[in-house]
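What follows is the residue order along each chain.
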Amino acid sequence: MDALSDDDEYMCREPQISSLVATRGEAAAGGAAVQRVGAAVCCAVERFVAVGETIADDNPDVRHSMVLACKEARAAGRAIERVCAGADGAGMVSAARALLASVTRVLLLADMVVVRQLLLAKDKVARSLDRLESVSNFAEFVRAFTEFGGGMVELARLTAERRADLRDERRKAQVAAARNVLERSTLMLLTSSKTCLRHPGSASARENRDTVFCQMRRAMDLIHYVVRDGLPGHEEHSHEAAQWEAGTALGALRGLSTQVRTARARGGADAGRRRALAATLRALVERTHDFTDSAYTSHEHRQRILALAERIAYELERLVAVAVSLEEQGGSGAALESACTGATSAASELERALVSAAREQARDLSSLADDARKLASDLAHIASSCGERESERLHNIASQLHEQLDHIIEVCKLLRHIAMSETLQVSAKFAEINLRIYGPQVVTAARTLAAHPSSAAARENLDVFVDMWAWLLADAARLAKELLDLTDERPDKQQYSSLPRPGKHGTTSKPLKAVRLDSDEQAKIAKSGLEMKMMSSEMDAETEKWQGADENNDIVKRAKNMSSMAFAMYQFTKGEGRLNTTQDLFTQAEYFAEEANRLYKIIRQFSYQVPAGTIKKELLEHLDKVPTYVQQLQFTVKEPTVGRAATFSKVDNVIQETKHLMNVISKVVTTCFDCANKYKLDFTGLSAAGAGRGSSRDEEAAGGGGGDAKPGGSSSDTAM
């Protein structure tokens, strides 16, 4: 058994042990039950330790430490068994702590073994690259490339498994990007090396090959950096961090907003925080230069960004002056509040201006990519021709290709600055890097073929580089589309009569103070909000399939209604839209649950028309989950809370429960559509009011007593 698979088994055992230890409190009422828990824990520890000892046997460098850790874990497991037999509660706590400490130590040692395996595989590939770079004939090249291929397969396996174990979003994205570079570059390494061997005197062929070697080494350096991150003795990576961890304008803006809110909360800013504000402002201004220095940014956007940057500098200068005055002379906080409000307002406006500038260029990326792809095809077509005239055409097309490349790289750079997730930031950064490195190599490969028009190796090499160019353009276009979707400022969808209107809820006996989430709280639930938006978009796409059925199809009406509600809740997580307060959100969630309840009854009525079979079984499986999710959402909304932290936790829970309900509703609607198409079923007459033919038990499950759920938000919720 190799160390990596052993570590996977550890991950399966550890939660089992933890849950068994936790069960002791529940089983305390019966001595026999406690003894069974103790025996089960001891048995699990024995299996766990057996795997650890296997790793110790296979890895002499950690053998001594692993054996000691396994010995401690075994002793702790037996101690728990003895304590359970004697029902000694105090002894259980100390024994459980000892067990968890020793288990953690074993896991850390096993992880070190996995990391060592991965780094050894990476070093093996690096050595085979060095050998490939130095070969002088085809026979030697074939042997070296075979060895390199075997090493790459092992490295790909280990990095895939390591990526699955990582929890940090940025690190996962970086490993994925590095693996992508290695995978795509392998074929280019083969063709460029063959061309270089076939034409040893060609400078362009050597440039192609050397560029591929360089990019593959950079990718392996990134893997090394990610794998080492967090290991003892590798906490500081100043040079590597500067290479891989470049900041974004959006990140600097949000960091600045956080510092301003901290100053407001503390009633001022000491010297250290004032220096931090100045440093963040410098970073922000430097990053906005990517927007203002771009030749493709419109004059209006450039002037607005410059003006807003000056305004932020002025507002921060005013904030610092107020903070110094308060520190030296004291006084009221009204001036500080005004300065903080001005700074956060300017930051919000600048963020919108940067997003707008980037979106303007991103909209053109798809057509840019198409033009660049066509230019590369034209380049490949004429590269095999010779003569002065064709040489001039090649030069002209190469110049156009470089212009298109510069524009696309600029767009990718701006997209990285407005990317809201670390995964998108890494994707944008590597799209920019790969285009910058590999883009010009298409022209270089074309020049090699133009110099050797009858060379099959040069022809194959150019084809491979053109394919890589197409992949990179597709990556950039996909990234632009995703960021355009995520930053889309859609207006509110069509208002349906059953939707609540802000300020006219009438669902609680005690109205709450109208407040909004602050930026930190919005950031914490941003991911759930985006997931809700994606589900809303999926529901919209699904209901679009039912064209022409809107007037007589209550399923479509209810589904669109719920989609609109979900989108409004997504907007709330961004501080936008018509839901202004936490109570607005809770009331919207109540109406959402009501609408799901009505849709459940309509589809239950519709299901009676569906003939028995696999598709009906699938429909009922999805449909039967709706009442549970409806009740969970209703209970969450009605749960009383006191205090800002508890209310924010409730907001997060409401978003999560709504997301779960939306997910199952989407599946139900999709299956209904499949049933309608397959059996040509009629929706005329289906309505919530006419759903009474369903069983009373179904209605009670969905609506709590056979009727539609009534809004009844708790009056105990205090304003955030």
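Because the structure is a prediction, the values reported are computed rather than measured.

Cut-offs and rules
- Residues numbered from 1 in each chain as written.
- Predicted model: local features only at pLDDT ≥ 70, side-chain atom pairs only at ≥ 80, totals over all residues.
- Heavy atoms only, no water.
- Helix = DSSP H or I, 4+ residues; strand = E, 2+ residues; numbered from the N terminus.
- Buried < 20%, exposed > 50% of the residue type's maximum accessible area, 1.4 Å probe, protein only.
- Contact = heavy atoms within 4.5 Å.
- Areas by Shrake-Rupley, 256 points an atom, 1.4 Å probe, with all protein chains shown as cover.
- Polar contact = N/O pair within 3.5 Å; in protein donor to acceptor, adjacent residues only side chain to side chain.
- Phe/Tyr/Trp six-rings, centres within 6.5 Å; stacked < 30°, edge-to-face > 60°.
- Expected span 1.5 Å × (residues − 1).
- Arc of directions from axis to C-beta.
- Salt bridge = Lys/Arg side-chain N within 4 Å of Asp/Glu carboxyl O.
- Axes fitted to C-alpha atoms, helices over the stretch in contact; angles between N-to-C directions.
- Parallel < 35°, antiparallel > 145°, perpendicular 65-115°, else oblique.
- Left-handed = near helix turned anticlockwise from the far one by under 90°.
- Nonpolar A, V, L, I, M, F, W, Y, C, P; charged D, E, K, R; others polar.
- Core = buried A, V, L, I, M, F, W, Y, C linked by side-chain atoms within 4.5 Å.
- pLDDT = per-residue confidence, 0-100.

Things to note about the overall build of the chain
- Along the backbone of the chain there are 24 helices and zero strands.
- Here the chain, with 720 residues, has 49% of them falling under the buried criterion.
- Residue pairs at least 24 apart in sequence account for 79% of intrachain contacts in the chain once pairs closer than 6 positions are excluded.
- Surface summary for the chain: the accessible area is close to 32700 Å², and the carbon and sulfur share equals 52%.

Quick word on the side chain of serine 193
- Within the secondary structure, serine 193 sits in helix H6 (residues 169-198).
- When neighbours within four sequence positions are excluded, serine 193 is seen to be in contact with Phe141, Arg209 and Phe213.

Some words on the environment of arginine 287
- Counting through the fold element by element, arginine 287 comes out in helix H10 (residues 271-292).
- Note on arginine 287: relative accessible area 23%, which makes it partly exposed.
- Apart from residues lying up to four places away in sequence, arginine 287 is in contact with Gly247, Thr248, Ala249, Ala252 and His417.
- A distance of 3.0 Å separates the side chain of arginine 287 from the backbone oxygen of threonine 248, its partner in a polar contact.

Observations regarding the packing of aromatic side chains
- Scanning the entire structure with this criterion turns up two aromatic pairs.
- Each ring, one from phenylalanine 145 and one from phenylalanine 148, has its centre 5.6 Å from the other, and the planes form 45°; the classification is tilted. Residue phenylalanine 145 and its partner phenylalanine 148 are located together in helix H5 (residues 138-165), separated by three residues, close to a single helical turn. One exposure class covers both phenylalanine 145 and phenylalanine 148, and it is buried.

Observations concerning H10
- With 22 residues, H10 extends 31 Å from end C-alpha to end C-alpha; this agrees with the ideal 32 Å at 1.5 Å per step.
- Taken as a whole, H10 has its buried residues at Arg274, Leu277, Thr280, Leu281, Leu284, Thr288, Phe291 and Thr292. Projected onto a plane normal to the axis of H10, the buried residues spread over an arc of 120° and lie on a single side. Away from the buried face of H10 by more than 90 degrees, exposed residues Arg275, Arg282 and Glu286 are located.

A look at the pattern of salt bridges
- Applying the stated criterion across every chain yields a total of 34 salt bridges.
- Here lysine 413 ties to glutamate 410 by a salt bridge, and the two come within 3.5 Å at their closest N and O atoms. A residue pair is termed a helical-turn pair when its members lie 3 or 4 positions apart in one helix, as lysine 413 and glutamate 410 do in helix H14 (residues 388-418) at three residues. Residues lysine 413 and glutamate 410 agree in their burial class; the two are buried.
- Arginine 598 is paired through a salt bridge with glutamate 595; the nearest N and O atoms lie 3.0 Å apart. Here glutamate 595 and arginine 598 lie together in helix H20 (residues 582-607), a separation of three residues that amounts to about one turn.
- For arginine 598, a relative accessible area of 17% corresponds to the buried category.
- For glutamate 595, a relative accessible area of 1% corresponds to the buried category.
- Put simply, Asp554, Arg558, Glu594, Glu595 and Arg598 are held in one network by salt bridges that share partners.

A look at the packing of helix H9 (residues 249-266) against helix H12 (residues 334-362)
- Relative to each other, H9 and H12 sit at 165°, their axes nearing to 10 Å. Here H9 lies roughly antiparallel to H12, going by the angle between them. H12 is crossed by H9, and the crossing has left-handed handedness. Contacts between H9 and H12 involve Ala249, Leu250, Leu253, Arg254, Ser257, Val260, Ala263 and Arg264 from the former and Leu336, Glu337, Cys340, Thr341, Ala343, Thr344, Ala347, Leu350, Glu351 and Leu354 from the latter.
- Broken down by class, the residue content of the contact of H9 with H12 amounts to 11 nonpolar, three polar and four charged.

Re the nonpolar core
- Grouped together as the largest cluster of nonpolar side chains are 113 residues, with contacts concentrated most on Ile312 and Leu435.
- Among the elements that take part in this core, helix H16 (residues 456-486) stands out by supplying 15 residues, more than any other.
- Residues contacting leucine 435, with those up to four places away along its chain left out, are Leu405, Ile408, Ile409, Cys412, Pro440, Trp469, Leu472, Leu473 and Ala476.
- Core analysis: the second largest hydrophobic core is formed by 44 residues, Phe572, Leu585, Ala589 and Val626 among them.

With respect to the confidence of the model for the chain
- Within the chain, residue pLDDT values average 78, and 78% of them lie at 70 or more.
- Here residues 232-242 is modelled with pLDDT under 50, and outside its nearest four sequence neighbours on either side it reaches 10 contacts, counting other chains as well.
- The low-confidence segment residues 490-515, where pLDDT is below 50, has 67 contacts with residues more than four positions distant or belonging to other chains.

Regarding helix H19 (residues 554-573)
- The end-to-end C-alpha distance of H19, which contains 20 residues, comes to 29 Å, matching closely the 28 Å that a straight helix rising 1.5 Å per residue would cover.
- Taken across its 20 residues, H19 has 19 buried, putting it largely inside the fold.
- Two residues or fewer past H19, glycine 575 is found with a positive phi of approximately 75°.

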